[in-house]
Amino acid sequence: MSNLSLDEILSLYRFNQYYGSPSEYFYSSALIIDWAEKQVMQGDDSEILLIIASLGLDKKIDSDEVMTYLKRYLSEKNISIPSINYSCLVFMRLFSQKIMICNSLEDIGDLLHSFVFKYIEFGNRYFHRIKHYWLFIYYDYFDMYDGLNCYCAEKQLSEAKRYTRIKALAKRFYSFLNNKEMVEYLAKHI
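Residues numbered from 1 in each chain as written. Predicted model: local features only at pLDDT ≥ 70, side-chain atom pairs only at ≥ 80, totals over all residues. Heavy atoms only, no water.

### Some remarks on the overall build of the protein chain
The number of helices and strands found in the protein chain is nine helices and zero strands. The order of helices and strands in the protein chain, counted from the N terminus, is α-α-α-α-α-α-α-α-α. When burial is assessed residue by residue, the protein chain has 47% of its 190 residues classed as buried. Here the analysis covers contacts within the protein chain between residues at least 6 apart in sequence; of these, 68% occur between residues at least 24 apart. (Helix = DSSP H or I, 4+ residues; strand = E, 2+ residues; numbered from the N terminus. Buried < 20%, exposed > 50% of the residue type's maximum accessible area, 1.4 Å probe, protein only. Contact = heavy atoms within 4.5 Å.)

Printed below as a string of structure tokens:
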């Protein structure tokens, strides 16, 4: 089960709507169902929430059906889906968190590779700057090729040092983007 909030799930949904893969690593209809199940277990007696939670009993989850009921719930509670500028920063925070929990440098490299080449153009300058920072980290720590004009002192670091430095960087980005008021401000002032 996921521990994501509704705000985080809606942000991932919005980001996934805008970009699709690889945000699929972060978003799925199962997240919504897990969230609904938790809400029901915590005493929320919304009939729509019960329906969403019960969709997990189906052999195959119909994502359109899950979203139909979720949108009804959002309408009932007067909750809107976040803007793409807000959602991209939430995605970046969750991406940094995912790097923080990676168990190996290889896992971090795979995650970075699936991310840094995907979002080449994006209107949010904060998202863009952090993405470029991750791109440079990827080139410095993972794009290990030898060429006449290719030398980077960072490539000489041990695997343990690279792992530690990347985790520390992910923690810094996560801490910065973990303040909801800050993210709301950055989303409005792109």
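### Comments concerning the packing of aromatic side chains
Under the criterion given, the structure shown has twelve aromatic pairs. Arranged with centres 5.8 Å apart and planes meeting at 25°, the rings of Tyr138 and Phe142 form a pair that is stacked. Take Tyr138 and Phe142: they sit in the same class, and that class is buried. Among the aromatic side chains, those forming a connected cluster through ring pairs are Phe15, Phe91, Phe95, Phe115, Phe127, Tyr133, Trp134 and Phe173. (Phe/Tyr/Trp six-rings, centres within 6.5 Å; stacked < 30°, edge-to-face > 60°.)

### Brief notes about the environment of Ile33
Within the fold, Ile33 resides in helix H2 (residues 29–41). Taking the C-alpha atoms as reference points, Ile33 and Leu50, separated by 17 residues in sequence, lie 9.6 Å from one another. The residues contacting Ile33, other than those within four sequence positions of it, are Ile52, Ala53, Leu55, Gly56, Ile61 and Val66.

### Details of the pattern of salt bridges
Under the defined criterion, the tally for this structure stands at two salt bridges. Across the pair Glu8 and Arg93 runs a salt bridge, and its minimum N-O distance is 2.8 Å. Of this pair, Glu8 sits in helix H1 (residues 6–19) while Arg93 sits in helix H5 (residues 84–100); the two residues are 85 residues apart in sequence, bridging distant segments of the chain. Of the residues examined, Arg93 reaches a relative accessible area of 8% and is grouped as buried. (Salt bridge = Lys/Arg side-chain N within 4 Å of Asp/Glu carboxyl O.)

### Some words on the packing of helix H6 (residues 105–116) against helix H7 (residues 125–141)
Packed helices, taken two at a time, are described by the angle their axes make and the gap between the axes. It is at 10 Å that the axes of H6 and H7 come closest, and there the two elements cross at 130°. Considering the angle they form, H6 stands oblique to H7. Where H6 crosses over H7, the two elements pack in a sense that is left-handed. Taken together, the residues of H7 that come into contact with H6 (itself represented by Gly109, Leu112, His113, Phe115 and Val116) are Phe127, Lys131, Trp134, Leu135, Ile137 and Tyr138. Residue composition of the contact of H6 with H7, by class: eight nonpolar, two polar and one charged. (Axes fitted to C-alpha atoms, helices over the stretch in contact; angles between N-to-C directions. Parallel < 35°, antiparallel > 145°, perpendicular 65-115°, else oblique. Left-handed = near helix turned anticlockwise from the far one by under 90°. Nonpolar A, V, L, I, M, F, W, Y, C, P; charged D, E, K, R; others polar.)

### Some details on the nonpolar core
Where a protein is soluble and globular, its nonpolar side chains tend to be buried together. Counting 61 residues, the largest nonpolar core has Leu70, Phe95, Leu112 and Trp134 as the members making the most contacts within it. Apart from the residues within four sequence positions on either side, Leu70 is in contact with Leu6, Leu10, Ile32, Trp35 and Ile52. (Core = buried A, V, L, I, M, F, W, Y, C linked by side-chain atoms within 4.5 Å.)

### Examining the side chain of Ser29
One can find Ser29 in helix H2. Non-local contacts of Ser29, meaning those with residues more than four positions away in its chain, are made with Ile61, Ser63 and Val66.

### A closer look at the packing of H1 against H5
H5 packs onto H1 with a crossing angle of 110° between their chain directions and a minimal axis gap of 8 Å. As the angle between them shows, H1 and H5 are arranged roughly perpendicular. Contacts from Asp7, Glu8, Ser11, Leu12, Arg14, Phe15 and Tyr18 in H1 reach Ile84, Tyr86, Ser87, Cys88, Val90, Phe91, Arg93 and Leu94 in H5. Looking at the contact of H1 with H5 residue by residue, the classes come out as nine nonpolar, two polar and four charged.

### Section: a negative patch on the surface
Together, Glu106, Asp107, Asp110 and Glu159 make up a region of like negative charge exposed at the surface. Among the elements that make up the negative patch, the one with the highest residue count is H6 (three residues). Summarising the element assignment, Asp107 is placed in helix H6. You can call Asp107 partly exposed: its relative accessible area is 36%. (Patch = residues over 30% accessible without salt bridge, like charges linked within 9 Å, V, L, I, M, F, W, Y side chains within 5 Å. Areas by Shrake-Rupley, 256 points an atom, 1.4 Å probe, with all protein chains shown as cover. Lys, Arg positive; Asp, Glu negative; His and termini not counted. Charge placed at Lys NZ, Arg CZ, Asp CG, Glu CD.)

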